[in-house]
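For reference, the chains in residue letters:
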Amino acid sequence: MLNISNKIIKETGLGQKKIVLVGNPNVGKSVFFHQLTGQYVDVSNYPGTTMEFCCSKFGDTFLMDTPGVYGLSSNTSEESLVRDTVVTADIVINVVDAVHLDRDFFLTCQLADMGIPMIVVLNMVDDLLARGLELNLVKLEQRLGVPVVPVVATKGEGIDLLKRRLHQARPGQASDVVKGLLLNYPGLKRDEALPILEGDPEVAARHNLAPGGEKANIYADRRRRANEIVSAVLKEKTTDTAFAIRLGHWLIRPVTGIPALLLVLWLFYESVGVLLAQIVVGYTEGLMNDCYEPWVRSLLANVIDLQSLVGIVLAGQFGLLTMAITYVLGLLLPLVLGFYLVLAMLEDSGYMSRIAILMDRLMSYLGLNGQAVIPMVLGFGCVTMALITTRLLTTERERRIATLLLALSVPCSAQLAFVTAILGSLGLGYMLLYGLIIFSLMTGVGTVLNRFMSGGSVPLLLDLPPMRFPRLDNVLRKSWTRTFSFIKEAFPVFLGGAFLLSLLNITGLMNKIERFMEPLTISWLYLPNETAGAFIMGFIRRDFGTARIMEIPMDPLQTFVALVTLTMFVPCIASTMVILKERGWREGTAIWLLVSLLAFVGGGLLSRLLSCARSLYPAITLPFAALIIIAILSVIVTISRWRRTIG
Amino acid sequence: MMLDKVKRGDLIKIVSIGEATVRENALRMGIDEGSILICAEVIPAGPIVLRKYRQEIAIGRSLARNIAVVMLARAGEARLACSNLTGEMC
């Protein structure tokens, strides 16, 4: 990394400079950054993957990668950051996608207007021919007034040329409209005056000036200019025959798209839900339980008494060196890595955006837009992982709704395995009723949240990436980088959680909680008092708790109530930790309490409904209960939607 | 007419985009008032996918209801008009 970077300095004679990479989302900035520095950044065929700024330092010179933006102002906090970074740059490298110049040149023209020395990197030039396009490079350089370097970043082509031409970077040609307007701020530099003219409140405040009102004019002019340049330099030679385009259309057309989606979901379930969550994790967890933990205990036994306080904290039931390590390495690591692998493939292929489009309508009922379908689907594999991916969603409101729905209504694959086993022995009717309840919960709670949380669902405005075949090295590298940073963050939280549980156990609080829960279990849920233990276990791991229900003798209706309550009940420790980490302590705790409350209220109501149905119509208990649930759901949905249209 | 009434293959011109922030975001992506686009795909009751050059942009249904367009050519007749414009089959 250092070598290549140093070479840039030598070859260009720049000395101590700051170079900033800027471009639209999904144009290959990060791959390009990697080619230039040898340092890896998260790359995918899905907009918005660079969440943090990446710098590579060489001597006093920095190369900075920035998140993809469509323009520079203060629309989002990311944009503000990119704008401030650009202003302080000595050279800006503007990466554009050769096939999507029309979109990318808005930013290019804005950078030119700002008057910062720049060079344009025309990425993916190899796609031009395949997509039936022809580009006049000479004319483009003339029009923009800056060097334009064609590259294929994924293959490393053109990188040397860029390094040779880097010293030719210069301010681009500002538009005539902007030039005229800039005269209003004679004392300011162009890169400061322009944001003020465009009404950027942050930059204006820094100079104690009122934000200007020329945004609409300048933007319209800039779009015109970008369009003009594109139509002058780009010729469409042949029709766009790329197979990927037709495939992309089939995937969003419901007739072909829905079967394709079902197929992908099934593959996903088989690979992550079955192969990974059950077989691989079973193996790694067994390895940790049978080999690692006894080894640690025998080592510790040499040094301290395992029954002592320190011994229990370190290697007891919730030991820092036993349970915490086993969870992180035996359970979380394989699950997280597997999920990121599948996720990376979905992202890199460009399929994720198509699922979002296909499901947009359905998700809008829940106050979410199509993009939220990804965490929801992932939830049936592992709720913990799904909670992390709620980061993909654009607004806080959507993240909140998705987190609550995941925590409340989605059972993870490990739990589903036990649920299916138990329900299978009870009969098909119970299985169907369970499915209905999960569905009703998601729909009902989603609709109610959508109605009562301020704001509305954000409509979809999505820039569709082309379908591409995922690159294996990219997928592997990305999954590993993400997994590593996740584990690094989760590890201390796990240690803390394990420590807390040990304390509860040692002080006898655990038993008290179990006894404290008895009125709840016996008199409210009509369940035997042993189920309290299952709920406590369910908090540690959902499937442990569910497994325990099998051992408690109950009648079918009781078993069913226990299963449903446990499904709704607070997610496992890992999920709870993630909720606290992602949503903050205050909101995390609120979500946790709300979910527990809803679980027990729901469980109690279900219990009463079922026993009432049994006493009224013993022969058709389940269908009758199902009918009532559907009726309640319809009423809730109708009221929520009706009040929405009135309000 | 509004954008949500458009059919696949139609050649349209954007007349006005309702909300200011949406207008700005769409403009940055390449769609502004006066843009001539092809409707690449309509998902029943779902988003509308518009194409300009080789770029495709999906617009949620609720957004599409607030975007006014004029029809330049219906699907089918659009072939000639847009082949001049973009050299593409529609």
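Owing to the predicted nature of the structure, the values given are computational and were not obtained by experimental measurement.

Undergrad: Help me get a handle on the overall build of chain B, residues and values and all.
TA: Broken down by element type, chain B carries three helices and five strands. Along its sequence from the N terminus, chain B presents helices and strands in the succession β-α-β-β-β-α-β-α. The long-range fraction of contacts in chain B, counting pairs at least 24 apart against all pairs at least 6 apart in sequence, stands at 59%.

Undergrad: Can you explain the overall build of chain A? Please cite residues and give values.
TA: A tally of helices and strands in chain A yields 30 helices and nine strands. Here the C-alpha coordinates of chain A stretch approximately 85 × 70 × 55 Å along the principal axes. Classification of the 647 residues of chain A by burial places 47% in the buried group. Taking contacts inside chain A between residues at least 6 apart in sequence as the whole, the part at least 24 apart equals 72%.

Undergrad: I'd like a description of the sheet that holds strand 5 (residues 67–73) of chain B, backed by residues and values.
TA: As summarised here, the arrangement of the six strands in space is 9(A)-4(B)-3(B)-2(B)-1(B)-5(B), forming an open sheet in which the pairing is antiparallel. Each edge of the open sheet is held by one strand with a lone partner, namely strand 9 (461–464) of chain A together with strand 5 of chain B. Pairs of neighbouring strands in the sheet enclose a mean axial angle of 40°, with direction left out of account. When strand 3 (residues 48–52) of chain B meets strand 4 (residues 55–59) of chain B, the two strands line up antiparallel, connected through five bridges. If you follow Leu50 of chain B over to strand 4 of chain B, its bridge partner there is Ile57 of chain B.

Undergrad: Just give me the short version of the interface of chain B and chain A, but keep the residues and values in it.
TA: With 32 residues of chain B in contact, the opposing surface of chain A contributes 29 residues. Those elements that provide at least two residues to the side of chain B that touches chain A are helix 1 (20–29), strand 3, strand 4 and helix 2 (61–64) of chain B. Looking at which element gives the most residues to the side of chain B that touches chain A, the answer is helix 1 of chain B, with seven residues. Among the residues forming the side of chain B that touches chain A, the class breakdown is 15 nonpolar, eight polar and nine charged. Examined bridge by bridge, strand 9 of chain A and strand 4 of chain B share four bridges and lie antiparallel to one another. Bridging across to strand 4 of chain B, Leu461 of chain A finds its partner in Ile59 of chain B.

Undergrad: Tell me what's going on with the pairing of strand 1 (residues 18–23) of chain A, and back it up with residues and numbers.
TA: Working note: regular strand, side chains alternate between the two faces of the sheet. Residue and element names in this part refer to chain A. Taken across its six residues, strand 1 has five buried, putting it largely inside the fold. Direction of pairing for strand 1 relative to strand 4 (residues 91–97): parallel, over a ladder of five bridges. Looking across to strand 4, one finds that Ile19 is bridged to Ile91.

Undergrad: So, the environment of Gly180 of chain A: which residues are in play, and what are the values?
TA: Residues and elements named next belong to chain A. Here Gly180 lies in helix 8 (residues 176–182). According to the C-beta neighbour criterion, Gly180 is exposed, with 10 such atoms within 10 Å. Measuring from C-alpha to C-alpha, the distance between Gly180 and Thr284 comes to 67 Å, with 104 residues separating the pair along the chain.

Undergrad: Break down unusual backbone geometry for me, with residues and values.
TA: All names here are of chain A. Despite not being glycine, Met124 has its phi angle at roughly 60°, a positive value. On the secondary structure map, Met124 appears in the loop between strand 5 (118–123) and helix 5 (126–130). Located in the positive-phi region is Tyr526, a residue other than glycine, with phi close to 60°. Relative to the assigned elements, Tyr526 resides in the loop between helix 24 (518–524) and helix 25 (531–540).

Undergrad: Account for the packing of helix 12 (residues 243–252) of chain A against helix 16 (residues 351–364) of chain A, with residues named and values stated.
TA: Residue and element names in this part refer to chain A. Direction vectors running N to C along helix 12 and helix 16 enclose 35°, while the axes themselves pass 9 Å from each other. The way helix 12 lies across helix 16 gives a crossing that is right-handed. On the side of helix 12, the interface is formed by Gly248, Leu251 and Ile252, while helix 16 contributes Tyr351, Arg354, Ile357 and Leu358. Looking at the contact of helix 12 with helix 16, its residues break down into five nonpolar, one polar and one charged.

Undergrad: Describe the confidence of the model for chain B, with residues and values.
TA: Residues and elements named next belong to chain B. Here chain B averages 81 in pLDDT, and 83% of its residues register 70 or above. Looking at the elements of chain B, mean pLDDT is at its lowest for helix 3 (residues 78–86), recorded as 50, and at its highest for strand 1 (residues 11–17), recorded as 91. Long-range and interchain partners of residues 83–90, a stretch whose pLDDT sits below 50, account for 17 contacts in this model, where long-range means more than four residues apart. If you check the scores for this complex, the pTM reads 0.75 and the ipTM reads 0.84.

Undergrad: Quick one: what's the story with the packing of helix 19 (residues 396–409) of chain A against helix 21 (residues 428–452) of chain A, residue by residue and with numbers?
TA: All names here are of chain A. Where helix 19 contacts helix 21, the axes come no closer than 10 Å and their chain directions differ by 155°. It follows from the interaxial angle that helix 19 and helix 21 lie roughly antiparallel. Our pair here, helix 19 against helix 21, has a crossing hand that is right-handed. For the pair helix 19 and helix 21, contact is made by Ile401, Leu404, Leu405, Leu408 and Ser409 and by Ile438, Leu441, Met442, Val445, Gly446, Leu449 and Asn450, respectively. In the contact of helix 19 with helix 21, the residues fall into nine nonpolar, three polar and no charged.

Undergrad: Any details on helix 2 (residues 29–37) of chain A? Residues and values, ideally.
TA: Note that an α-helix has 3.6 residues per turn; residues three or four places apart therefore point the same way. Most of helix 2 of chain A is tucked away: nine of the nine residues are buried. Within helix 2 of chain A, the full set of buried residues consists of Lys29, Ser30, Val31, Phe32, Phe33, His34, Gln35, Leu36 and Thr37 of chain A.

Undergrad: Lay out the nonpolar core with the relevant residues and their values.
TA: Residues and elements named next belong to chain A. With 197 residues, the main nonpolar core has Val121 and Phe339 as its most contacted residues. Counting residues per element, this core draws most heavily on helix 15 (residues 323–349), at 16 residues. Apart from the residues within four sequence positions on either side, Val121 is in contact with Phe32, Ile93, Asn94, Val95, Val96, Val149, Val151 and Leu162.

Undergrad: Hey, could you go over the environment of Val342 of chain A for me, with residue numbers and the actual values?
TA: Residue and element names in this part refer to chain A. On the secondary structure map, Val342 appears in helix 15. C-alpha separation for the pair Val342 and Leu378, spaced 36 residues apart in sequence, amounts to 10.0 Å. In this structure, Val342 is in contact with Phe268, Ser271 and Val272, ignoring residues within four places of it in sequence.

Undergrad: Requested: an account of the confidence of the model for chain A, with residues and values cited.
TA: Residue and element names in this part refer to chain A. For chain A, the mean per-residue pLDDT works out to 81, and 91% of the residues sit at or above 70. Within the model, the stretch residues 1–14 combines pLDDT values under 50 with 28 contacts to residues more than four positions away or in other chains. Segment residues 42–51: pLDDT under 50, and 41 contacts once partners within four positions in sequence are set aside and those in other chains are kept.

Undergrad: Explain helix 15 of chain A to me, using residue names and the numbers behind them.
TA: All names here are of chain A. Its 27 residues place the ends of helix 15 37 Å apart at the C-alpha level, agreeing with the 39 Å of an ideal helix rising 1.5 Å per residue. Along its length, helix 15 shows its largest kink, about 45°, at Leu332, and proline Pro334 lies within four residues downstream of that point. For helix 15, a buried count of 22 out of 27 residues is recorded, marking the element as mostly surrounded by other parts of the structure. A positive backbone phi angle near 90° is found at Gly350, which sits one or two residues after helix 15.

Undergrad: Quick rundown of the pairing of strand 5 of chain A? Include the residues and the values.
TA: All names here are of chain A. Strand 5 sits mainly inside the fold: six of its six residues count as buried. Burial along strand 5 is two-sided: Met118, Val120 and Leu122 facing one way and Ile119, Val121 and Asn123 facing the other are all buried. Examined bridge by bridge, strand 4 and strand 5 share six bridges and lie parallel to one another. Following the sheet pairing, Val95 is matched in strand 5 by Val121. Since strand 4 and strand 5 lie parallel, the crossover through helix 4 (residues 101–114) that links them has a hand, and here it is right-handed. Where strand 5 meets strand 7 (residues 148–150), three bridges bridge the pair, whose relative direction is parallel. Along strand 7, the bridge assignment pairs Val121 with Val149.

Undergrad: Any details on the environment of Arg74 of chain B? Residues and values, ideally.
TA: All names here are of chain B. Take Arg74: it is sitting in the loop between strand 5 and helix 3. On the basis of neighbour counts, which here come to 13 C-beta atoms within 10 Å, the residue Arg74 falls in the partly exposed class. Put simply, Arg74 and Glu24 are 50 residues apart on the chain and 28 Å apart in space, counted from C-alpha to C-alpha.

The rules behind each value
- Residues numbered from 1 in each chain as written.
- Chains lettered and ligands numbered in written order.
- Predicted model: local features only at pLDDT ≥ 70, side-chain atom pairs only at ≥ 80, totals over all residues.
- Helix = DSSP H or I, 4+ residues; strand = E, 2+ residues; numbered from the N terminus.
- Contact = placed C-beta atoms within 7 Å.
- Buried ≥ 20, exposed ≤ 12 C-beta atoms within 10 Å, placed from the backbone.
- Pairing = 2+ DSSP bridges.
- Axes fitted to C-alpha atoms, helices over the stretch in contact; angles between N-to-C directions.
- Nonpolar A, V, L, I, M, F, W, Y, C, P; charged D, E, K, R; others polar.
- Left-handed = near helix turned anticlockwise from the far one by under 90°.
- pLDDT = per-residue confidence, 0-100.
- Parallel < 35°, antiparallel > 145°, perpendicular 65-115°, else oblique.
- Core = buried A, V, L, I, M, F, W, Y, C linked by C-beta atoms within 7 Å.
- Expected span 1.5 Å × (residues − 1).
- Bend = angle between axes of the 7 residues up to and from the residue.
- Right-handed = clockwise from strand over helix to strand, strands pointing away.

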